[in-house]
Amino acid sequence: MAESHGGAKSPAAGAHTEAEGGHGGGFPPFESSTYASQLVWLAIFFVALYVIVSKLALPKVGGAIEARQNKIEGDLAEAQTLKDQSDAALKAYESELASARTRAQAIGNESRDKANAQADAERKALEEQLAAKLAGAEKTIASTRAAAMSNVRGIAAEAAGQIVQQLTGVVPDAASVNAAVDASLKG
Amino acid sequence: MKIDPIHQFNIEPLFTLGHIGNQTIAFTNSSLYMLVAVAIISLLMLASGTQLVPGRLQSVAEISYEFVASTIRSTAGAEGMKFFPLIFSLFMFICVSNLVGIIPYTFTISSHLIVTAALALLVFFTVLIYGVAKNGLKFFSIFVPHGVPGYILPLVMFIEILSFFLRPVSHSVRLFANMLAGHIALKVFAGFVAMLGFSLGALGWVGGVLPLALTVALYALEILVAFLQAYVFAILTCIYLNDAIHPGH
């Protein structure tokens, strides 16, 4: 590249090169006296580079790239497994919920039916009881009324006999009083 | 003022190690920048941590990894991942050394044809040896395209074979020439600024704004080219390797 002594000092530099390199001022790439040195060192350094590259550099860098690739793939696979697991858990939860709901409905229906049946039975028993009590009460009322009616007849007959006695002074015959009372009661 | 756009490509020995035949083996500025590239890549890839949520440095390391891996998968298929370390090393080595080389006063390794040719030949022979070892003689069926009429088949085969053997040439020259030309162009335009200023005084410094703006624009382009040429080198490697892995296609 642009070397400092490329200008004014170049004849001196050329002479210097000639003195040291032993080649005569021609075109450097075609100076055959330098070929052996270049080839020897190229062979040494290129073989050294090849050994370093093939034994150390490429396995190391390739290993790092592969390790990263594996890590990424492993992480993705793990994420997929976890997602599958959570999906499965969600599905299980939903089916559990659905079955619980059905079960709850069944239990609700059953207990409602049972309660209805029990209530029906109780109501029926109560109604029978009440009907029996009602019938008894009606019977009592009827007998009481009959008794009262017969008492009314006796009292009326007695009162009629005493009225007749007070008015006429004659004690009327019980049979005719009773007949007269009966006739007026039938009225 | 004199512009010397070639000087930046000089190979300067830092110390000499020894000789093979009549060739001197020295640790040069080129070797130093190879070491720098290897060190930067190692640091980036190894010191960047392995956290689950990456930091900046780790992100850069992982983006490089994924970028090269997806390039291989899309051009050579899953079987191409066998060559992941090779293609990753090539791409990172070229990309980092190009980007380092674009910093002023540094040296660009891939501006030398010998280096890019060595890398291209490495790919060429990898393809050839792996292709033959895996597919046997069937590998050479890449020279015989399907559905070509018999009378022009020899010509097509000749072109296919020629283009196969010219692959390392185009593969290496493309990278080398791009880096070389880019750096020369930058050097020339940057040199104009100084040259105008020193030769014309105040007027020259004002006039230097234009080449300076051009240098900035070229610099941005060169950053793109530095990355793009590394990518092109890597993707061509994948395409050539695809021939070795699937010769029937």
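Quantities reported herein were computed from a predicted structural model and do not represent experimental measurements. (Residues numbered from 1 in each chain as written. Chains lettered and ligands numbered in written order. Predicted model: local features only at pLDDT ≥ 70, side-chain atom pairs only at ≥ 80, totals over all residues. Heavy atoms only, no water.)

(A) Here's a closer look at the overall build of chain B. A tally of regular secondary structure across chain B gives seven helices and two strands. When its helices and strands are written in sequence order, chain B yields β-β-α-α-α-α-α-α-α. Principal axes of the C-alpha set define a box for chain B whose edges measure 70 × 55 × 45 Å. A buried classification covers 47% of the 249 residues belonging to chain B. Put simply, of all contacts in chain B between residues at least 6 apart along the chain, 68% involve residues at least 24 apart. Summed over its atoms, the accessible surface of chain B is roughly 11,700 Å², and 75% of this surface lies on carbon and sulfur atoms. Charge separation in chain B, taken as the distance between the mean sites of 9 positive and 8 negative side-chain charges, equals 3 Å. (Helix = DSSP H or I, 4+ residues; strand = E, 2+ residues; numbered from the N terminus. Buried < 20%, exposed > 50% of the residue type's maximum accessible area, 1.4 Å probe, protein only. Contact = heavy atoms within 4.5 Å. Areas by Shrake-Rupley, 256 points an atom, 1.4 Å probe, with all protein chains shown as cover. Lys, Arg positive; Asp, Glu negative; His and termini not counted. Charge placed at Lys NZ, Arg CZ, Asp CG, Glu CD.)

(B) Region of the structure containing empty space enclosed by the protein. All names here are of chain B. Following the criterion strictly, the structure yields two cavities of 30 Å³ or more and no others. The space that makes up the largest cavity amounts to roughly 40 Å³. What lines the largest cavity is simply F67, V68, T71, I72, I87, F91, Y231, A234 and C238. Elements that contribute at least two residues to the lining of the largest cavity include exactly α2 (56-76), α3 (84-101) and α7 (209-245). Residues that form the lining of the largest cavity fall into these classes: eight nonpolar, one polar and no charged. Here the second largest cavity is characterised by a volume of approximately 30 Å³. Among the secondary structure elements, those contributing two or more residues to the lining of the second largest cavity are α3 and α4 (113-135). Across the lining of the second largest cavity, the residue classes tally to six nonpolar, three polar and no charged. (1 Å grid on protein atoms, 1.4 Å probe; cavity = no way out; pocket = protein on both sides within 12 Å on 5 of 7 lines; lining within 4 Å. Points joined across faces, edges and corners; volume = space filled by probe spheres on them. Nonpolar A, V, L, I, M, F, W, Y, C, P; charged D, E, K, R; others polar.)

(C) Fine view of unusual backbone geometry. Phi at B:Y105 is positive, roughly 75 degrees, even though this residue is not glycine. By the secondary structure assignment, B:Y105 is in the loop between α3 and α4.

(D) Up close: a nonpolar patch on the surface. Residues and elements named next belong to chain B. A surface patch of nonpolar side chains, amounting to about 900 Å² of accessible area, comprises Y151, I152, L155, F158, I159, L162, L166, V169 and V173. Relative to the helices and strands, L162 is located in helix α5 (residues 153-200). With a relative accessible area of 43%, L162 lands in the partly exposed category. (Patch = residues over 30% accessible without salt bridge, like charges linked within 9 Å, V, L, I, M, F, W, Y side chains within 5 Å. Salt bridge = Lys/Arg side-chain N within 4 Å of Asp/Glu carboxyl O.)

(E) Expanded view of the packing of aromatic side chains. Residues and elements named next belong to chain B. What the rule picks out here adds up to 25 aromatic pairs over all chains. When the centroid spacing of 5.1 Å and the interplanar angle of 10 degrees are considered together, the rings of F15 and F27 count as stacked. A residue pair is termed long-range when its members are at least 10 positions apart, and F15 in strand β1 (residues 13-20) and F27 in strand β2 (residues 23-28) qualify at 12 residues. Ring pairing ties together the aromatic residues F124, F125, F139, F140, F143, F164 and F165, which thus form one cluster. (Phe/Tyr/Trp six-rings, centres within 6.5 Å; stacked < 30°, edge-to-face > 60°.)

(F) The pattern of salt bridges, seen in detail. Residue and element names in this part refer to chain A. If you walk through the whole model with that rule in mind, you get seven salt bridges over all chains. A salt bridge links D75 to K71, with the shortest nitrogen-to-oxygen separation between them at 3.3 Å. A residue pair is termed a helical-turn pair when its members lie 3 or 4 positions apart in one helix, as D75 and K71 do in helix α2 (residues 35-168) at four residues. Since its relative accessible area comes to 36%, D75 is described here as partly exposed. Among the ionic pairs, K83 bridges to D87, the shortest N-O distance being 3.4 Å. Within this pair, K83 and its partner D87 are both found in helix α2, separated by four residues, close to a single helical turn.

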